[in-house]
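Now for the letters of each chain:
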Amino acid sequence: MPITIHEETPPPGVERLVRAEDPASGLRALICVHSTALGPAAGGCRMWDYPDWNAARADVLRLAEGMTRKTAMADLGLGGGKAVILGNPHRDKTPALLRAFGRAVDALEGQYFTAEDVGMSADDMAVIAQETRFAVGLDGGAHGSGDPSPFTAEGVFECLRAGAEVAFGSADLTGRRVMVQGLGHVGTALAARLHGAGAQLLVSDLDAAAVERAANGWGAQPCAPDAVLDQPMDIFAPCAMGGVLTGDSAQRLGARLVCGAANNQLATPEVAEVLRARGIHYLPDYVVNAGGIISVAGEIHRAGPGYRSARLGRITTRLRDVLHRSAATGQTTTAVADRMVDDILAAAG
Ligand code: NAI
């Protein structure tokens, strides 16, 4: 069944913004192609209960720009894009809606590859893939890379250890109090690794069952969602939604190191300066959380098995480079990373 695709006028610097609607299935989605300067745009699809189109538009634009930075920094021969579906994934997600979204992705004819993000799973990608070959993160098949989340968690964990070396003089996490905010696909995999490394876990999620599992399984200390930033902790690992660090919360944060999977952790760019001034080491989100897009890039490029592992290892190399340049220049880590990406994009014309 055809769906309605509206081309919206994208803001300056954005290549394409598309609104897709399908009344029959209830699909309401936005797809943003931020940049194809380095290759076809790639980025996950988020399903979230946005209050209105404007909130969804603001989110997709910011997330898509972040994907351009992430794919450029990770040197994947891909551009940046993102999709958001308006709706509650627990209540509104149906096979018909997912298939309608697949048709919307297909209408972009390969300009945008979609994958999992918040509210979506590898099983959902399989349904979407019934309508388009531009859905990745699939289980099985010759090149299927599966759920990207474990690889995101792996990259974040290794960066967290590298950051601990700088913040505390040692990568050893034994006894370190680490707050994991969000126990979804990535947060749970990260918490498991942290537990294995001897960290003392503090956890928070809107889903009480996820918190209970972490408390029972790993002896994690549960924390109410609105009290996360006021807990005594060594390391903060945001793995839920973006914008968690504001000027105010950055002033209160007790951690010495911030390293997590969430996209767009800083509510505004100025927050990086607040953290720096307080001696808190902030590891830029799009540098440390590239493991998932690296995994799906291998699927997009139909690369061999060595592709993912070789590139996962380079995440910490790039992070160390950012930390080194930041220490040498006194600039924030985000300013340094953004500059590196701007240079890559400028060189690509
Ligand atoms: P998910 O949907 O599996 O998990 C998100 C979790 O955060 C859910 O359990 C949800 O209940 C919880 N949550 C939401 N708001 C919260 C709050 N205020 N306080 C505490 N918990 C809250 O999502 P996933 O895939 O684990 O992604 C987590 C973050 O990492 C997102 O920001 C996503 O964009 C980012 N990311 C994910 C990648 C992946 O491979 N899945 C790749 C790169 C970034």
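Scroll up a little and you will see the structure.
Residues numbered from 1 in each chain as written. Predicted model: local features only at pLDDT ≥ 70, side-chain atom pairs only at ≥ 80, totals over all residues. Heavy atoms only, no water.

A. Inspection of the environment of glycine 144 at higher detail. Relative to the helices and strands, glycine 144 resides in the loop between α4 (122-128) and α5 (149-168). Overall, glycine 144 belongs to the partly exposed group, its relative accessible area being 32%. When the C-alpha positions of glycine 144 and leucine 229 are compared, they lie 38 Å apart, and in sequence the two are 85 residues distant. Not counting the four nearest positions on each side in its chain, glycine 144 is found in contact with Leu138 and Glu299. (Helix = DSSP H or I, 4+ residues; strand = E, 2+ residues; numbered from the N terminus. Buried < 20%, exposed > 50% of the residue type's maximum accessible area, 1.4 Å probe, protein only. Contact = heavy atoms within 4.5 Å.)

B. A look at the site of the ligand. Near the ligand you find 24 residues, and of these Thr152, His185, Asp205, Ala240 and Asn263 are the closest. Here aspartate 117 contributes a side-chain N or O atom positioned 2.8 Å from an oxygen atom of the ligand. Separating an oxygen atom of the ligand from a backbone N or O atom of alanine 261 is a distance of 3.3 Å. Calculation on the ligand without its partners gives an accessible area of 830 Å², and the protein chains cover 87% of this total. Contributing elements (two or more residues each) for the shell around the ligand: α5 and α6 (185-196). A breakdown of the residues in the shell around the ligand according to their chemical character gives ten nonpolar, ten polar and four charged. (Near = heavy atom within 4 Å. Polar contact = N/O pair within 3.5 Å; in protein donor to acceptor, adjacent residues only side chain to side chain. Areas by Shrake-Rupley, 256 points an atom, 1.4 Å probe, with all protein chains shown as cover. Nonpolar A, V, L, I, M, F, W, Y, C, P; charged D, E, K, R; others polar.)

C. Geometry of the sheet that holds strand β12 (residues 281-282). Taken in spatial order, the six strands line up as β9-β8-β7-β10-β11-β12 in an open sheet, and their pairing is parallel. For this open sheet the edge positions go to β9 (221-222) and β12, each flanked by a neighbour on one side alone. Bridge count between strand β7 (residues 177-181) and strand β10 (residues 235-238): four bridges; the pairing is parallel. Counted as the bridge partner of methionine 179 is phenylalanine 236 from β10. (Pairing = 2+ DSSP bridges.)

D. Focus on the sheet that holds strand β5 (residues 79-86). Spatially, six strands are ordered β1-β2-β3-β5-β4-β6 in an open sheet, and the strand pairing comes out mixed. The open sheet is flanked by β1 (4-8) and β6 (112-116), the only strands paired with a single partner. Strand-to-strand, the axes of this sheet are offset by a mean angle of 25°, without reference to chain direction. Sheet analysis places strand β4 (residues 41-48) next to β5, joined by six bridges and oriented parallel. Across the sheet, residue cysteine 45 finds its bridge partner in β5, namely alanine 83. In the packing of helix α1 (residues 53-73) onto the sheet, contacts are made with β1, β2 (16-22), β3 (27-35), β4 and β5, and the angle to β5 comes to roughly 155°. (Axes fitted to C-alpha atoms, helices over the stretch in contact; angles between N-to-C directions.)

E. Spatial organisation of α1. Taking 1.5 Å of rise per residue, the 21 residues of α1 would be expected to cover 30 Å, and the 30 Å separating its terminal C-alpha atoms lies within 8% of that figure. Counting buried positions over the 21 residues of α1 gives 15, a clear majority of the element. Where α1 starts, the residue carrying a side-chain oxygen 3.1 Å from the main-chain nitrogen of asparagine 54 turns out to be aspartate 52. Two residues or fewer after α1 comes aspartate 75, characterised by a positive phi angle close to 60°. (Expected span 1.5 Å × (residues − 1).)

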